[in-house]
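# Close look at the chain arrangement
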Amino acid sequence: SGRINSIPMAPPDKILGLTEQFNADKNDNKTNLTVGIYKDNWGQVTTMPSVARAQAMLDQSFEMNTDLSYLPIKGCPDFRENVLRFLYRESCPQGVELLNQERISFVQTLSGTGALAVASKFLSLFMSHTVWFPNPSWPNHANVFQINGFKNINHYTYYKDGQLDVDGWISDLEKAAKSTNDSFPPCIVLHACCHNPTGLDPTLEQWKRIMDKIHELKMIPIIDMAYQGLDTGDVYKDAYLLRLSLDESRYQWSNGLFLCQSFAKNMGLYGERVGSLSVVTSRGAEEKRSVDSQLKKIVRGMYSSPPGYGSRVANIVLSNPHLKNLWFQDVENIAKRLQSVKAKMAERLNWDSLQDPTRQHGMFLYTGLNASEVNTLREDSSIYLVQDGRLSLSGLNDSNIDYVCDALRKLEK
Ligand code: PMP
């Protein structure tokens, strides 16, 4: 109605609201297993050793550390060079050809969310108004796309009875394609690895079937890579979906491919907002230049330019060979701890094989608990999970895993 007294109440954020409730909880055994921030075995959120070393180097460099001026609209030029090398030479070697053909438009973004925001704004302005997300997905996906102009927000079958449902997924896409006469291509968001919240990822063979279908239906792929390295512990290995998708002997993405990438989790740079959007264009440099210019205009209108500090830290990690090796080790340690927590849970719980924690990838365990069981855990034991039953594994450690597993076992009775 155009009046400030008639603004409807927005629903609270499903995840961050629980932390407020947790903070107010007086139980000494309270355990927060909601947010996806990595904690070590002592329950601490610590800076990764490689990243701390990079910060120390930055501190000592008067020149680097005192420059508080603006970064360019599309971000720091060194960051661009380092991240393009990391993604399109090291993580995905066939990307070199794309770089040589000047087909990759790149912007430094406010982490993964910022990449999704810029991508969805660009797509809704020029190319599409329909998007498909997995069901379930990270709840903010739909929010970001809706706020940035997408009219049709859909979910494809992903998870059924504790398992990935690839047939259901493919048949949803086929049905949707048959029932539309929209001339704009639909977008589809794909979790590169460590699917949030289910922890279930397709195998490479399943991805081939899925990507073949997406390609056949001329959908626009948007790869959301927020957990690179946290699955296997090897950042390069975890980029398998990117490597498959950019295999040009198999796929030509006539409307481009979008990669939203984040260093929040794999460098622990959460609050510094460090990530990138790349748009792989279908033909040569001319198409890229137009995309570049429009992305620049969007960023200028949204927030003008990205923050500097985190990208400087990432630059040092990505360009100093010693620190880079240390970083690989840090990521591997995180992934190993997550795997060991899952194994310890599996020992303590006799869940059937479908729910077996060790089948799931990444930071989260999708427990299969329903909302009332999640409430019971919170009310009786002060154990906080997201309402859909997602449990953040790194909140578990040697001093609380028995307490939590006991409470979980009680629910089974
Ligand atoms: N995509 C997915 C699937 C996520 O889980 C997250 C983080 N929770 C993000 C994107 C974005 O995170 P950030 O903006 O912190 O990089």
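Residues numbered from 1 in each chain as written. Predicted model: local features only at pLDDT ≥ 70, side-chain atom pairs only at ≥ 80, totals over all residues.

Short version of the rule: UniProt positions are given in the numbering used here, feature names are shortened, and annotations may be inferred rather than shown by experiment.
Per an unreviewed UniProt entry, the protein is named Aspartate aminotransferase, and its organism is Lachancea lanzarotensis. Its UniProt record gives the protein the following Sequence similarities (unreviewed entry) comment, quoted word for word: "Belongs to the class-I pyridoxal-phosphate-dependent aminotransferase family." Here is the UniProt Cofactor (unreviewed entry) comment for the protein, exactly as written: "pyridoxal 5'-phosphate".

## Topic: the environment of Leu 200
Note the cut-off: Numbering goes from the N terminus for both helices and strands, where a helix is a DSSP run of H or I of at least four residues and a strand is a run of E of at least two. Placing a C-beta atom from the backbone of each residue, one calls two residues in contact when those atoms lie within 7 Å.
Looking at where Leu 200 falls in the secondary structure, it is placed in the loop between strand 7 (187-191) and helix 9 (204-216). With residues up to four places along the chain from it excluded, the contact list for Leu 200 reads Tyr 159, Leu 164, His 195 and Gln 360.

## Examining the sheet that holds strand 9 (residues 257-262)
This is how it is decided: For two strands to pair, DSSP has to find at least two bridges joining them. Helix axes are fitted only over the stretch in contact, all axes being lines through C-alpha atoms; the angle between N-to-C directions runs from 0 to 180 degrees.
The seven strands lie next to each other as 2-10-9-8-7-3-4, forming an open sheet whose pairing is mixed. The sheet terminates laterally at strand 2 (104-109) and strand 4 (152-157), the two strands that pair on one side only. Neighbour-to-neighbour, the strand axes of the sheet open up by a mean angle of 20 degrees, direction not taken into account. In terms of strand pairing, strand 2 meets strand 10 (residues 275-280) through six bridges, oriented antiparallel. Paired with Thr 109 across the strands is Gly 275, a residue of strand 10. Each of strand 2, strand 7, strand 8 (220-225), strand 9 and strand 10 touches helix 6 (residues 111-126); the most contacted strand, strand 9, lies at about 155 degrees to it.

## Observations regarding the pairing of strand 8
We apply this condition: The exposure scheme places C-beta atoms from the backbone and then counts, for each residue, the other C-beta atoms within 10 Å of its own, assigning buried at 20 or more, exposed at 12 or fewer, and partly exposed in between. With the strands pointing away from the viewer, any crossover whose connection runs clockwise from the first strand over the helix to the second is right-handed.
Counting buried positions along strand 8 yields six of six residues, so the element is predominantly enclosed. The alternating pattern of strand 8 places Ile 220, Ile 222 and Asp 224 on one face and Pro 221, Ile 223 and Met 225 on the opposite face, and all of these are buried. One ladder, built from five bridges, connects strand 7 with strand 8; its direction is parallel. For Val 189, the partnering residue across the bridge sits in strand 8 and is Ile 222. As a crossover connection, the stretch from strand 7 through helix 9 into strand 8 is right-handed. Summarising the sheet, strand 8 and strand 9 pair through four bridges and their orientation is parallel.

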